[in-house]
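Observations on chain architecture
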Amino acid sequence: MLTVAVTTNTTFEAGSTPINVAIDPQVEQLPRLFKAARGQDATCRAELTNTLKAILDRPVELTEQKETRASYLVQLIEAYYRLFPCCLTDYEEMRLLKESLHQTVQRLVQMPLPVIEEEYHRLNRNSYNQPLKHLVFRFSRSADGISEFEALPCLAESECLLALFLQCLRQQLGAAVLLNDRFQVEYRDLIRSACMAASEPEVCQNNLVGWLWEAMKSFDPLKAFGATGHGRPTFEAWVRTVISNKLADEKRKLLKREADELLFYEPRAAKIFQDRHNILPSLVQAELNLPACLQFIHVVQTQVTDPRIRTTTSRLRHRVGQLLAWPIDYTRDVHQQVRRILGRYVQSTRSLNITSADSNQEWIDNYPDIRTIASPTVQGLDCIAEFLNDAETPVWVQDWCEKRRTQAEIARELYVSQPTISRCLGREYRLWLYRRFFLDTQTPSWMKRWYDTHDIQSPHQRRQLRRELHPEYAQGLYSAKTIDAKIELMLQDWCNRNGIYYLA
């Protein structure tokens, strides 16, 4: 296993994929120039800028057509002018490019090292921005060498630096568009319609330009967003996708906060984690370190009780890492695994609808309302979580219900007869009720065997087995329908005794 060291004292594991392709000499000297440029020497910064410009000034083939193309920088500027002609009329192309290169290098060398380290880790995730990695490899390695790998190898330090520069350059050019007064005028209808269609119009309206600027680092104007090609439809489709993704990100952030609340204040957190872990598919279980996660939960609940430490994620991880003698990278991975599983539990049992930009507001309007629950004084909602967590409950039920966010919403679908999905949900819930009922040691064993006879296709075999199970049925004293009704009454009584909602 090969490890690539970087200037920020972080490491990347390249798995079983060796990095045996020579890196371009000009790209390879970027870390040295970057380190020198982090001082106050303007000469070093100018040298770094010129080197980056020289690398990106090379002609590259961005399509499958084997033809000589203009340099990447020329193509990039042309693409921005084709997409946003009205917003860039005040800028001369070469002046915009020169200023953007200079400002991007200034921003890059002023970034704190922990931020750069985090970006390096993100760039080397398997699923992260594959087009960007391919683009970087076009500058740093031969295309034939990269094609030998089944999966893309990890980026070396110099390649990470180049990728980060490309992202920042796209943001800098995007800022010239987004902060131009003509942008609001030119795309007024798009902004209004996209925000009004979102679930949180005000939040969307207030943050849209910031969201677009942040997303610009992954927006490649040289590649059409869809089949529409370059032009206005490309950008409009991208804007709507950014809004959708950012609202989803907000809910994921909220989910992380709620998972941490569960971790901090729920004594059953370890049991909840283990129960959820046990019902996961084996492939997902293989991605989790169960002993480390349980150890993390135990330490947080018993030794990291100071609210000031819990307030900040980095502070919390640093303290846990100290207590367990774990490296910070390992602590972060374990915390993410804990959040992942506890978050799934929170998602299936609590409200996650964002009703306000205020993070403390989301519970007010979405807390389970007793008016939506049948017989609220008698029936609890814990059974809904148990139903979803049952190993035999189909995956589609869990996935569909998790989108509903609250126990009350799921219960409302079960309690009220509605077409298709409610009937399917009701059927699965009834099957779960019977499974729980038959597991009770006080339930007569013959009832389970009688219930299973419903699956026998042959009427003759079904009647024969039922005669063996129930003497009164064999003697003709009770009909099958009467016995089914008797079992159903026992089920209803069992549900009431155990505080489980009974669904007829």
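Residues numbered from 1 in each chain as written. Predicted model: local features only at pLDDT ≥ 70, side-chain atom pairs only at ≥ 80, totals over all residues. Heavy atoms only, no water.

Focus on the overall build of the protein
Assigned secondary structure in the protein consists of 27 helices and two strands. Here the protein, with 504 residues, has 45% of them falling under the buried criterion. Restricting to contacts in the protein with at least 6 residues of sequence separation, those with at least 24 account for 67%. Here the protein has roughly 26,500 Å² of accessible surface; of this, 51% comes from carbon and sulfur atoms. (Helix = DSSP H or I, 4+ residues; strand = E, 2+ residues; numbered from the N terminus. Buried < 20%, exposed > 50% of the residue type's maximum accessible area, 1.4 Å probe, protein only. Contact = heavy atoms within 4.5 Å. Areas by Shrake-Rupley, 256 points an atom, 1.4 Å probe, with all protein chains shown as cover.)

Some remarks on the packing of helix α24 (residues 445-452) against helix α27 (residues 480-498)
Across the interface, α24 lies against α27 with an axial gap of 11 Å and an inter-helix angle of 125°. Relative to α27, the element α24 lies oblique. The handedness of the crossing between α24 and α27 comes out as left-handed. Contacts between α24 and α27 involve W446, M447 and W450 on the former and, on the latter, A480, I483, D484, I487 and M490. Looking at side-chain class alone, the contact of α24 with α27 contains seven nonpolar, no polar and one charged residues. (Axes fitted to C-alpha atoms, helices over the stretch in contact; angles between N-to-C directions. Parallel < 35°, antiparallel > 145°, perpendicular 65-115°, else oblique. Left-handed = near helix turned anticlockwise from the far one by under 90°. Nonpolar A, V, L, I, M, F, W, Y, C, P; charged D, E, K, R; others polar.)

Observations concerning the packing of aromatic side chains
As enumerated under the stated definition, the model contains 21 aromatic pairs in all. Centroid distance F438 to Y451: 5.2 Å. Interplanar angle 55°. Geometry classified as tilted. Within this pair, whereas F438 is found in helix α23 (residues 421-439), its partner Y451 is found in helix α24, the two being separated by 13 residues in sequence. Note on Y451: relative accessible area 24%, which makes it partly exposed. Sitting over the ring of Y265, R310 keeps its end group 5.5 Å from the ring centre. (Phe/Tyr/Trp six-rings, centres within 6.5 Å; stacked < 30°, edge-to-face > 60°. Lys NZ or Arg CZ within 6 Å of the ring centre and 35° of its normal.)

Some points on the packing of helix α3 (residues 42-56) against helix α9 (residues 157-178)
The N-to-C vectors of α3 and α9 enclose an angle of 90°; their axes lie 12 Å apart at closest approach. Considering the angle they form, α3 stands roughly perpendicular to α9. Each of L52, I55 and L56 in α3 lies in contact with α9, whose residues at this interface are L162, F165, L166 and L169.

Some words on the nonpolar core
Formed by 74 residues in total, the largest nonpolar core has its most connected members in L48, L56, F84, L162, F183, F235 and W238. For this core, the leading source of residues is α9, giving 13 residues. When residues no more than four places from it in sequence are discounted, the contact partners of L48 are L30, L33, F34, A37, V105 and V109. If you look at the next biggest cluster of nonpolar residues, it comprises 29 residues, including L255, L262, F273 and C293. (Core = buried A, V, L, I, M, F, W, Y, C linked by side-chain atoms within 4.5 Å.)

What to know about the pattern of salt bridges
Inspection of every chain in the model, using the stated rule, returns 20 salt bridges. With a closest N to O distance of 2.8 Å, R58 and D24 form a salt bridge. Of this pair, R58 sits in the loop between α3 and α4 (72-83) while D24 sits in the loop between β2 (11-13) and α1 (25-28), and the two are 34 residues apart along the sequence. When salt bridges with common partners are traced through the structure, they connect E119, R122 and K217 into a single cluster. (Salt bridge = Lys/Arg side-chain N within 4 Å of Asp/Glu carboxyl O.)

With respect to helix α16 (residues 290-302)
Its 13 residues place the ends of α16 18 Å apart at the C-alpha level, agreeing with the 18 Å of an ideal helix rising 1.5 Å per residue. Those residues of α16 that fall on the buried side of the exposure criterion are L290, A292, C293, F296, I297, V299 and V300. Residue N289 occupies the N-cap position of α16, its side-chain oxygen lying 3.2 Å from the main-chain nitrogen of A292. (Expected span 1.5 Å × (residues − 1). Polar contact = N/O pair within 3.5 Å; in protein donor to acceptor, adjacent residues only side chain to side chain.)

Re the confidence of the model for the protein
Mean pLDDT over the protein: 77, with 78% of residues reaching 70 or higher. Here strand β1 (residues 3-5) stands out as the least confident element of the protein, with mean pLDDT 35; α16 is the most confident, with 93. Predicted confidence for residues 351-379 stays below pLDDT 50, and this span has 50 contacts to residues more than four positions away or in other chains. (pLDDT = per-residue confidence, 0-100.)

Some details on the side chain of E159
Along the chain, E159 falls in helix α9. The contacts of E159, once residues within four sequence positions are left out, are I23, V136, F137, S140, R141 and C154.

Here's the deal with helix α14 (residues 269-278)
Among the residues making up α14, those that are buried are A269, I272, F273, R276 and H277. Buried residues of α14, viewed axially, fall in a sector of 130°; they line one side. (Arc of directions from axis to C-beta.)

Quick word on unusual backbone geometry
Phi at A325 is positive, roughly 60°, even though this residue is not glycine. You can see A325 is positioned in the loop between α18 (313-324) and α19 (328-349). Judged by relative accessible area, A325 falls into the exposed class, the value being 67%.

Observations concerning the environment of R340
Structurally, the position occupied by R340 is in helix α19. Assessed through its relative accessible area of 37%, R340 is described here as partly exposed. Placed 84 residues apart in sequence, R340 and K256 show a C-alpha to C-alpha distance of 8.0 Å. Ignoring any residue separated from it by four or fewer positions in sequence, one finds R340 in contact with V284, E287 and L288.

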